[in-house]
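Remarks on the overall topology
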Amino acid sequence: MFETTDFQSLFSRFSNQRVLVIGDVMIDTYLWGKVGRVSPEAPVPIVSGVIDENRLGGAANVALNVKAMGAVPILCSVIGGDERGKLFLELMEEQNLSDIGLIVDDHRVTTQKTRIISGSQHLLRVDEEMESFLSGKIQNQFMELISSLLESGGINAIILQDYDKGVLAPGVISRVIQLAGQVSVPVLVDPKFRSFDLYRKIRLLKPNYKELARGLNLDLQKHEAEEIAKAMILHQQKQEIDILLVTLSEQGIIVTRDGAWDHIPAISREIADVSGAGDTVISVASLCLLAGLDAAATAVIANLAGGQVCEKAGVVPVNAEKLLSECIHHFKSS
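Everything in this summary refers to the structure shown in the same document. Since the model is a prediction, treat every value here as computed from it, not as a measurement. (Residues numbered from 1 in each chain as written. Predicted model: local features only at pLDDT ≥ 70, side-chain atom pairs only at ≥ 80, totals over all residues. Heavy atoms only, no water.)

With respect to the sheet that holds strand β2 (residues 25–38)
Selection rule: Pairing between strands is defined by DSSP: at least two bridges between the two strands are required. Helix numbering and strand numbering both begin at the N terminus, where a helix is a DSSP run of H or I of at least 4 residues and a strand a DSSP run of E of at least 2. All axes here are fitted lines through C-alpha atoms, helices being fitted over the stretch that makes contact, and every angle between N-to-C directions spans 0 to 180 degrees.
Pairing is mixed in the open sheet, where 4 strands are placed in the order β3-β2-β6-β7. The two strands at the open ends of the sheet, each matched to only one other strand, are β3 (45–58) and β7 (121–128). Geometrically, the sheet is characterised by an average inter-axis angle of 20° between neighbouring strands, direction not taken into account. In this structure, β2 lies alongside β3, joined through 12 bridges in antiparallel fashion. Considered in β3, the bridge of Arg-37 is made with Ile-46.

Here's the deal with the side chain of Gln-239
What counts is decided by this rule: What qualifies as a polar contact is a pair of N or O atoms within 3.5 Å, subject to a donor-acceptor requirement within protein and to the restriction that residues adjacent in sequence count only when both atoms come from side chains.
Note that Gln-239 resides in helix α7 (residues 225–239). A distance of 2.9 Å separates a polar atom in the side chain of Gln-239 from the backbone oxygen of Asp-197.

Some thoughts on the side chain of Asp-24
To keep things clear, this is the line we draw: In this analysis, two residues are considered to be in contact whenever any of their non-hydrogen atoms come within 4.5 Å of each other.
For Asp-24, the position within the fold is in the loop between β1 (18–23) and β2. Of note is the side chain of Asp-24, whose polar atom sits 3.3 Å from the backbone nitrogen of Lys-165. Within the local environment of Asp-24, its side chain forms a polar contact with the backbone nitrogen of Val-167, the two atoms lying 3.0 Å apart. In contact with Asp-24, not counting residues within four places along its chain, are Gly-58, Ala-59, Ser-77, Gln-161, Asp-162, Tyr-163, Asp-164, Lys-165, Gly-166, Val-167 and Leu-168.

Quick notes on the pattern of salt bridges
What counts is decided by this rule: Salt bridge criterion: a side-chain nitrogen from Lys or Arg within 4 Å of a carboxyl oxygen from Asp or Glu. For each residue, the accessible area found with a 1.4 Å probe, counting protein chains only, is set against the maximum for its type, and the residue is called buried under 20%, exposed over 50%, and partly exposed in between.
Counted according to the given criterion, the structure contains 16 salt bridges. Arg-84 is paired through a salt bridge with Glu-128; the nearest N and O atoms lie 3.4 Å apart. Here Glu-128 lies in strand β7 and Arg-84 lies in helix α3 (residues 83–94), a separation of 44 residues in the sequence. Residue classification places Arg-84 among the buried positions, given a relative accessible area of 19%. The shortest N-O distance in the salt bridge between Glu-250 and Lys-222 comes to 3.9 Å. One end of the pair, Glu-250, is in the loop between β11 (243–247) and β12 (253–257); the other, Lys-222, is in the loop between α6 (209–216) and α7, with 28 residues separating them in the sequence. Judged by relative accessible area, which is 54%, Glu-250 ranks as exposed. Residues joined by salt bridges that share partners form a network here, namely Glu-129, Glu-131 and Lys-165.

Here we look at the packing of helix α2 (residues 59–68) against helix α8 (residues 277–290)
The criterion, for reference: Here the word oblique covers every angle except those under 35 degrees (roughly parallel), over 145 (roughly antiparallel) and from 65 to 115 (roughly perpendicular). What makes a crossing left-handed is the near helix being turned counterclockwise from the far one by less than a right angle; a clockwise turn instead makes it right-handed. Polarity classes work like this: nonpolar for Ala, Val, Leu, Ile, Met, Phe, Trp, Tyr, Cys and Pro, charged for Asp, Glu, Lys and Arg, and polar for all others, with Gly in that last group.
Contact geometry for α2 and α8: axes closest at 9 Å, N-to-C directions at 45°. The orientation of α2 with respect to α8, classified from their angle, is oblique. When you trace α2 past α8, the crossing you get is right-handed. Listed contacts from α8 to Asn-61, Val-62, Asn-65 and Val-66 of α2 are Asp-279, Thr-280, Ile-282, Ser-283 and Leu-287. Across the contact of α2 with α8, the residue classes break down as 4 nonpolar, 4 polar and 1 charged.

Considering the state of the cysteines
The test is simple: The rule for a disulfide is simple: a pair of cysteine sulfur atoms within 2.5 Å.
Inspection of every chain in the model, using the stated rule, returns 0 disulfides. Cys-288 takes part in no disulfide bond, and the closest cysteine sulfur to it belongs to Cys-327, at a distance of 7.2 Å.

Thoughts on the packing of α8 against helix α9 (residues 295–309)
Look at α8 against α9: their axes get within 8 Å of each other, and the N-to-C directions meet at 150°. Crossing of α8 against α9: the hand is right-handed. Only Ala-295, Thr-298, Ile-301, Ala-302, Ala-305, Gly-306 and Val-309 of α9 make contact with α8, whose side of the interface consists of Ala-277, Thr-280, Val-281, Val-284, Ala-285, Cys-288 and Leu-289. Along the lines of polarity and charge, the residues of the contact of α8 with α9 split into 11 nonpolar, 3 polar and no charged.

A few points about unusual backbone geometry
With a phi angle near 55°, Asn-96 is a residue other than glycine that sits in the positive phi range. Its location among the elements puts Asn-96 in the loop between α3 and β5 (101–105). Overall, the relative accessible area of 64% leaves Asn-96 in the exposed class. In this structure, Asp-164 takes a positive phi of about 60° despite not being glycine. In this fold, Asp-164 is placed in the loop between β8 (157–161) and α5 (170–182). Classification of Asp-164 by relative accessible area gives partly exposed; the value is 24%.

Pasting the structure below:
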């Protein structure tokens with residue numbers, strides 16, 4: 001049984017961690033308005049009174065979550081030499097995030113996802129992006145930067161956040177894992193399907209169920225926890241992964257390690273938006289493991305954190321103070 005002081009001590013240990021967050025970044029743009037009528041030109045709603053808002057997304061949201069928990073993120077990514085790239089840098093500055101790990105590639109575009117929302121209703125999303133892998137030249141430049149950051153010392157972990165927009169090319173993935181192994185820095189991964197089997201000899205793999213099912217060619221339903229866990233354990237052993245944690249949305253989380261597994265049910269909440277929940281789960285899980293927590297307790301806390309951000313509209317980072325309170329309450333009542 002955890003005591004209140006145990007959680008306070010755990011959360012205080014996050015501040016000692018410096019984390020490289022490597023992956024695809026983007027701008028999440030929201031057009032908030034109201035629908036009052038249908039267009040006479042076509043059967044579509046007219047949105048009026050629009051207010052636009054730009055937020056950091058993708059791996060940048062992971063960095064925000066790491067920062068929100070009190071740790072120090074160093075975001076490593078590639079953005080375009082376009083107007084959106086300039087906007088991204090402005091958003092980084094507003095959030096007091098360092099741009100030391102960013103590279104500008106004039107031949108790429110900066111990813112932007114624009115969502116049109118009326119009240120709590122998500123009406124439309126427009127994606128402007130480039131999915132091709134980084135060129136060989138940029139990959140080499142990127143790896144030189146990552147290598148220098150690792151060699152400078154003081155890095156406690158690497159989070160690879162893959163949104164399948166080309167930054168985590170196969171060569172980048174293999175070289176980062178190799179470099180991390182040489183300096184004994186754990187690698188924790190939120191994968192996509194395209195590179196699923198490239199993640200080997202890592203500390204944590206955290207796919208959602210859709211990614212796991214595609215990666216392992218599973219034909220199971222989310223509630224078939226035992227069969228899912230068996231498949232997870234086999235993949236974990238084959239890939240030499242320490243911990244495999246799979247988010248199942250309304251079915252909670254399954255975590256496997258050392259041939260054992262646990263199923264953590266979802267907590268009942270008022271869900272506003274599931275966007276960004278995976279970013280929060282990988283961030284909080286990584287910090288809990290770095291602070292010495294075991295896999296099962298880590299999954300419980302990550303589950304609480306992911307659920308918390310789903311109560312807010314749009315992509316938002318976790319609230320550490322609220323999460324601490326929820327952890328204390330949950331473990332006392334369980």
